[in-house]
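Coordinate analysis (summary)
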Amino acid sequence: MPSAPAGTLYRGREGMWSWVAHRVTGVMIFFFLLVHVLDTSLVRLSPETYNAIIGTYKNPVMGLAEAGLVAAIVFHAYNGIRLILVDFWAKGPKYHRVMLWIVVGLFVVTMAGFLPRHLMHVFGGE
Amino acid sequence: MSAQTQGAAAIADPGAPYRRRRTTRGNFELYTWVFMRASGAILVLLIFGHLFVNLVAGEGIKAIDFGFVAGKWANPFWQGWDLVMLWLAMIHGTNGVRTIVNDYAERDGLRLVLKLALYAAFIVVVTLGTLVIFTFDPCPAGAPADLLPSFCST
């Protein structure tokens, strides 16, 4: 295996950056998933323990992190559907760039729906 | 090579079907490739539903406490939902990270250690999560009633 790649196969642009973003968001989601199963498992210990830990998810810093997590999931989901279309739809490779901008558009619309509601839950009073 | 053909130049059996690959380790990577797409499509539905019910509907994150989780897992529908989501997401995520480790960890020893840690995490998290979903008691004895779902007191 060569230790340094000779030349650059990918030249930036939509195809490469969507691939990079898919990897980065995928890793973020995976590590959250490990933590999320562990914190949810605390329901098995006692109601008090679970409520104490889940309470930390409700402070503003964690609330913003959750918004980031949801953003990562939404991008990974929409770009994953685009990836399936590129692989299985005959015209997928031809329209992969257009589909990425559709992904970005749907991402913006979804987050515009989610963020106000979530941030009101996090920052709003009782 | 058997004793009979030694000394003579080995000639491939002309009747053998053409094989693009001289050696094969099976179709494992093909199956994982298909799995990533199939499980991904299902996970979009499962996780969007999960996020909507837990973060958007009702009081969102504020409403999540022991009573909320207990109320969901008293229902076999949500037990099944979360079980399928746990397994598909963990296999999908583990395979994704496995691919990334294979791509970037070039030293054999490092790659082996990272993948062993990854598979250990997979086994621990999937086993723990599955056990919790099925051995969970929504109304543990001795717990304060105000922390429990309302159906515990009836």
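This structure is a prediction, so every number in the text was calculated from the model and none was measured.

Residue and element names in this part refer to chain A. Helix α3 (residues 60–88) packs onto helix α1 (residues 13–41) with a crossing angle of 130° between their chain directions and a minimal axis gap of 9 Å. The orientation of α1 relative to α3 falls into the category oblique. In this structure, α1 meets α3 at a crossing whose hand is left-handed. Of the residues in α3, those touching α1 at S18, A21, H22, T25, G26, M28, I29 and F32 are L69, A72, I73, F75, H76, N79, G80, R82 and L83. A breakdown of the residues in the contact of α1 with α3 according to their chemical character gives 9 nonpolar, 7 polar and 1 charged.

This part covers the UniProt feature "transmembrane region" (unreviewed entry) in chain B. Residues and elements named next belong to chain B. Following the UniProt record, one finds the feature "transmembrane region" (unreviewed entry) at residues 30–53, 73–91 and 112–136. This span, residues 30–53, is 100% helix and 0% strand, and a straight line between its end C-alpha atoms measures 35 Å. Annotation note: span residues 73–91, helix share 89%, strand share 0%, distance between end C-alpha atoms 22 Å.

What follows deals with the side chain of E14 of chain A. Relative to the helices and strands, E14 of chain A is located in helix α1. The residues contacting E14 of chain A, other than those within four sequence positions of it, are R97, L100 and W101 of chain A.

Before going further, it helps to examine the interface of chain B and chain A. Tallying the contact residues gives 45 residues for chain B and 43 residues for chain A. Carbon and sulfur atoms make up 73% of the area that chain B and chain A hide from each other, which totals about 3,600 Å². In terms of surface lost to chain A, no three residues of chain B exceed R37, I61 and K62 of chain B, which account for 18% of the buried area on that side. R23 of chain A is paired through a salt bridge with D103 of chain B; the nearest N and O atoms lie 2.5 Å apart. Along the contact surface separating chain B from chain A lie 9 residue pairs in polar contact (both at pLDDT 80 or more). Where the side of chain B that touches chain A is concerned, the elements lending two or more residues are α1 (28–56), α2 (66–73), α3 (76–104) and α4 (108–135) of chain B.

UniProt annotation of "binding site: heme" (unreviewed entry) refers to H76 of chain A when read in the numbering used here. Structurally, the position occupied by H76 of chain A is in helix α3. When near neighbours in sequence (up to four residues on either side) are disregarded, H76 of chain A contacts H22, T25, G26 and I29 of chain A together with H92 of chain B. For H76 of chain A, the side chain forms a polar contact with the main-chain oxygen of H22 of chain A, separated by 3.1 Å.

Moving on, we get to the UniProt feature "transmembrane region" (unreviewed entry) in chain A. Residues and elements named next belong to chain A. Following the UniProt record, one finds the feature "transmembrane region" (unreviewed entry) at residues 20–38, 59–78 and 98–115. When the span residues 59–78 is considered, its composition is 95% helix and 0% strand, and the gap between its end C-alpha atoms is 28 Å. Measuring from the first to the last C-alpha atom of residues 98–115 gives 25 Å, for a span that is 100% helix and 0% strand.

Definitions and cut-offs
Per chain, the residues get numbers from 1 upward, laid out in the order the sequence is written. Numbering of ligands from 1 and lettering of chains from A proceed in the order in which they are written. Given that this is a predicted model, residues contribute local features only at a pLDDT of at least 70 and side-chain atom pairs are listed and counted only at 80 or more, while totals for whole chains, interfaces and linings are drawn from all residues. With hydrogens and water set aside, each side-chain value is computed from the structure's full complement of heavy atoms. All axes are obtained by fitting lines to C-alpha atoms, using only the stretch in contact for helices, and the reported angles, taken between N-to-C directions, cover 0 to 180 degrees. Strands here are runs of E lasting at least two residues and helices are runs of H or I lasting at least four, both read from the DSSP assignment and numbered beginning at the N terminus. Roughly parallel covers angles under 35 degrees, roughly antiparallel covers those over 145, roughly perpendicular covers 65 to 115, and oblique covers all other angles. By convention, the crossing between two helices is left-handed when the near helix turns anticlockwise from the far helix through less than a right angle, and right-handed when the turn is clockwise. The contact rule is simple, with two residues in contact once any of their heavy atoms fall within 4.5 Å. Ten residue types, Ala, Val, Leu, Ile, Met, Phe, Trp, Tyr, Cys and Pro, are classed as nonpolar, four, Asp, Glu, Lys and Arg, as charged, and the remainder, Gly among them, as polar. UniProt positions are given in the numbering used here, feature names are shortened, and annotations may be inferred rather than shown by experiment. Computed with a 1.4 Å rolling probe, the buried area is the accessible surface lost when two parts are put together, summed over both parts. By definition here, a salt bridge exists when the distance from a side-chain nitrogen of Lys or Arg to a carboxyl oxygen of Asp or Glu is within 4 Å. Counting of polar contacts relies on pairs of N or O atoms within 3.5 Å, with two restrictions inside protein: one atom must be capable of donating a hydrogen and the other of accepting it, and residues adjacent in sequence are counted only when both atoms are side-chain atoms.

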